[in-house]
Amino acid sequence: MSAELQLLRANRNARLMNSDWTQLADAPLTDSKKAEWVTYRQSLRDITKTYTSMEDSGFVFPTEPS
């Protein structure tokens, strides 16, 4: 695995870990907000299907729900 892909995955994994709390049963979120977070987290997981580096043309992390 290239160093660029490792860096991308490390950044992605940090974002996933920082949003783990949104998927807990007692998270203080409405069902619709929880669904937004589910979509965001899936987009993070899928990012390595499209990109192999954060330097790739058009690369941008998905926007975290507010």
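Look up a bit, the structure's there.
Conventions used here
Residues numbered from 1 in each chain as written. Predicted model: local features only at pLDDT ≥ 70, side-chain atom pairs only at ≥ 80, totals over all residues. Heavy atoms only, no water. Helix = DSSP H or I, 4+ residues; strand = E, 2+ residues; numbered from the N terminus. Buried < 20%, exposed > 50% of the residue type's maximum accessible area, 1.4 Å probe, protein only. Contact = heavy atoms within 4.5 Å. Polar contact = N/O pair within 3.5 Å; in protein donor to acceptor, adjacent residues only side chain to side chain. Expected span 1.5 Å × (residues − 1). Bend = angle between axes of the 7 residues up to and from the residue. Salt bridge = Lys/Arg side-chain N within 4 Å of Asp/Glu carboxyl O. Core = buried A, V, L, I, M, F, W, Y, C linked by side-chain atoms within 4.5 Å.

Undergrad: How should I be thinking about the side chain of Arg 41 in this particular structure?
TA: Tracing the sequence through the fold places Arg 41 in helix α2 (residues 31–50). By relative accessible area, which is 9% here, Arg 41 ends up buried. Apart from residues no more than four positions distant in its own chain, Arg 41 is found in contact with Leu 16, Ser 19, Asp 20, Thr 22 and Gln 23.

Undergrad: Would you mind showing me how to read the side chain of Ser 19 here?
TA: Relative to the helices and strands, Ser 19 is located in the loop between α1 (3–18) and α2. Residue classification places Ser 19 among the buried positions, given a relative accessible area of 1%. A polar contact of 2.9 Å, which involves the side chain of Ser 19, links it to the side chain of Arg 41. When near neighbours in sequence (up to four residues on either side) are disregarded, Ser 19 contacts Trp 37, Tyr 40 and Arg 41.

Undergrad: Would you take a moment to explain α2 for this structure?
TA: What sets the pattern is the α-helix's 3.6 residues per turn: residues three or four places apart point alike. Here α2 is 20 residues long and its end C-alpha atoms lie 29 Å apart, about the 28 Å a rise of 1.5 Å per residue gives. Largest kink in α2: about 30°, centred on Leu 44. The complete set of buried residues in α2 reads Trp 37, Tyr 40, Arg 41, Leu 44 and Ile 47. Packed against the buried residues of α2 are α1.

Undergrad: Please explain the pattern of salt bridges as it appears in this structure.
TA: When the charged atoms of two side chains lie near each other, side chains of opposite charge can form a pair. Summed over the entire model, instances satisfying the criterion amount to three salt bridges. Across the pair Glu 36 and Lys 33 runs a salt bridge whose closest N-O atoms are separated by 3.3 Å. One end of the pair, Glu 36, and the other, Lys 33, are both in helix α2, three residues apart, so they sit about a helical turn from each other. A relative accessible area of 36% places Glu 36 in the partly exposed class.

Undergrad: Please explain the nonpolar core as it appears in this structure.
TA: In summary, soluble globular proteins display a tendency toward joint burial of nonpolar side chains. With ten residues, the main nonpolar core is built from Leu 5, Leu 8, Leu 16, Trp 37, Tyr 40, Leu 44, Ile 47, Tyr 51, Phe 59 and Phe 61. Elements that contribute at least two residues to this core include exactly α1 and α2. For this core, the element with the most residues is α2, which contributes four residues.

This is a description of form; function is not addressed.
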